[in-house]
Amino acid sequence: MILPEIEYHAPRTLAEALKLLVKLKEARIMAGGTDLLVELKQGLVEAEALISLQNIKELKKIEKKDQSLRLGAMVTPQEIISHPLIKQHFPALVEAAKSMASPQVRSLATIGGNIASAVPSADLPPTLIAAEASLELQCTESFREVNLLEFFTGPRLTICRDEELLISILIPVPPPKTGISFLKFSLREANALAVASVASRITLENEVISQASVVLGAVAPSPLLALKASELLEGKKPSPSLFEKAASIAKDEASPISDIRSSIWYRKELIQVLTRRSLAESLKRAQKNPG
Amino acid sequence: MMKHRLNLRVNKQDFEVFVKPKTTLVDLLRDELGLTGTNKGCGTGECGACTVLMNGNAVNSCLVLAVEADGAEITTIEGLASEGRLDPLQQAFVDEGAIQCGFCTPGMILVAKDFLEKNPQLREEDYKTAISGNLCRCTGYVKIVKAIKKVAEGE
């Protein structure tokens, strides 16, 4: 399998990259390249040039900014797994990163690529949405911050404009008594895409759920916030029967397709089971987490 | 297409080469530098046969453009033995009979090397996780896991 002839640019600064994006209309942005290079080899995508983000140091930073963690778009899953701040505040994101692909791919792939590719089965977005992450999009003329949930518009489709670059991901540090968890089912334990996944978040106040979210992966054109299931949980005392009810609502909210990995029926069943288990785990974490 | 100049260090030796953007790291290693110990299997990052260490991380060299290895420190299977002595992992693979056809072996050994360096505390299932991105089509996984475990436990 070989790559087609292609031009290669590796700007050293963000400003330079943004200018290239405007100038080279038929170019593709390359982050880790773990998807893009395969698609180019297989002839699934065409591009005259690649704009590699590999040399832009500021896109590789992980920093605490006010009450948020700011992850540069070029941070790899391997870096997510081993970073003390992420381990401390977002264990669920570490688990999601560990579930991705293989160790080798985890050292090459990037969080920005995992988001911007907008593949419905992507592993990081559900947890990031449950954590209320937002994205920083930059172009030569302007800058905007958008809610991650609103970023996706369909399979491989986002609101990101051609001349815009996803530069970083902002994740607010969760309030005290908050637990987030991520569960994924795939056909093998490693190196496999999600058949279905669920991220959930529970925040407790005086033993009552003050804030909850259930986010579904691989069962809709984009990661899906199960609104009805989330609303059901809020203002109630957590209990197994409440979680059971929320899980069955989440199952109804899922709108999966049948494909090579699973049928619609099976994906819906999975969502019910994963939602129930994920909520139980999030509750456990919320109770343990003093903030 | 214009060739790009790149400098890289492979197995502690410096190289200056000119490559086209379409050249992947595995092709550079095999075709330009003659280091054919790195095998090329699927070309899509699924099989792990082309695993090398790049700046201390195990990566699929079929998913890295050679130009992106500019300034990088690369270790291939040829770089493990020193002064005529095999690396402990290589020796353990030999001793345990963890090699059948041998095609996956360089990748298995390099990913294990990365794994053992990064994980001081190990659980039983970790050994399988370590090689989860490497396929052995002879299905000789049991002995491969045994060999890695042997080195980890310092036997």
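Residues numbered from 1 in each chain as written. Chains lettered and ligands numbered in written order. Predicted model: local features only at pLDDT ≥ 70, side-chain atom pairs only at ≥ 80, totals over all residues. Heavy atoms only, no water.

### A word on the interface of chain A and chain B
Contacts between the two partners involve 26 residues from chain A, matched on the other side by 31 residues from chain B. For the pair chain A and chain B, the summed buried surface comes to about 2,400 Å²; carbon and sulfur atoms form 58% of the total. If you sort the residues of chain A by the area they bury against chain B, A:Glu5, A:Tyr8 and A:Gln104 come out on top, with a joint share of 28%. Inspection of the chain A/chain B interface yields two salt bridges. Among the salt bridges present, the one from A:Glu5 reaches B:Lys22, with a minimum N-O distance of 3.6 Å. Taken together, chain A and chain B are joined by eight residue pairs in polar contact (both at pLDDT 80 or more). Secondary-structure elements contributing two or more residues to the side of chain A that touches chain B are strand S1 (7–9), helix H2 (36–41), strand S3 (49–52) and helix H6 (103–106) of chain A. Classifying every residue of the side of chain A that touches chain B gives 13 nonpolar, 10 polar and three charged. (Contact = heavy atoms within 4.5 Å. Buried area = accessible area lost by both parts, 1.4 Å probe. Salt bridge = Lys/Arg side-chain N within 4 Å of Asp/Glu carboxyl O. Polar contact = N/O pair within 3.5 Å; in protein donor to acceptor, adjacent residues only side chain to side chain. Helix = DSSP H or I, 4+ residues; strand = E, 2+ residues; numbered from the N terminus. Nonpolar A, V, L, I, M, F, W, Y, C, P; charged D, E, K, R; others polar.)

### Description of helix H2 (residues 88–95) of chain B
Residues and elements named next belong to chain B. For H2, the set of buried residues is Leu89, Gln90, Ala92 and Phe93. Viewed end-on, H2 has its buried residues packed into an arc of 165°, placing them on one side of the element. Packed against the buried residues of H2 are helix H3 (105–118) and helix H5 (141–152). For H2, the side-chain oxygen to backbone nitrogen distance between the N-cap and Leu89 is 2.9 Å, and the N-cap itself is Asp87. Following H2 by one or two positions, Gly97 adopts a phi angle in the positive range, close to 65°. (Buried < 20%, exposed > 50% of the residue type's maximum accessible area, 1.4 Å probe, protein only. Arc of directions from axis to C-beta.)

### Notes on the domain arrangement of chain A
Residue and element names in this part refer to chain A. Looking at chain A, the domain boundaries give domain 1 (7–52), domain 2 (60–172) and domain 3 (178–288). Contacts between the two partners involve 23 residues from domain 2, matched on the other side by 23 residues from domain 3. Where domain 2 abuts domain 3, roughly 1,800 Å² becomes buried across the two surfaces, and 59% of that area is made up of carbon and sulfur atoms. Counting every contact that joins domain 2 to domain 3 gives three salt bridges. Ionic pairing is found between Glu95 and Arg285, a salt bridge with its closest N-O pair at 2.8 Å. Along the contact surface separating domain 2 from domain 3 lie seven residue pairs in polar contact (both at pLDDT 80 or more). Listing elements by their share of the side of domain 2 that touches domain 3, those giving two or more residues are helix H5 (91–98), helix H8 (124–130) and strand S8 (152–154). In terms of residues, the side of domain 2 that touches domain 3 owes the most to one element, H8, which gives five residues. Its residues placed into classes, the side of domain 2 that touches domain 3 shows 14 nonpolar, six polar and three charged. (Domains from an automatic or database assignment.)

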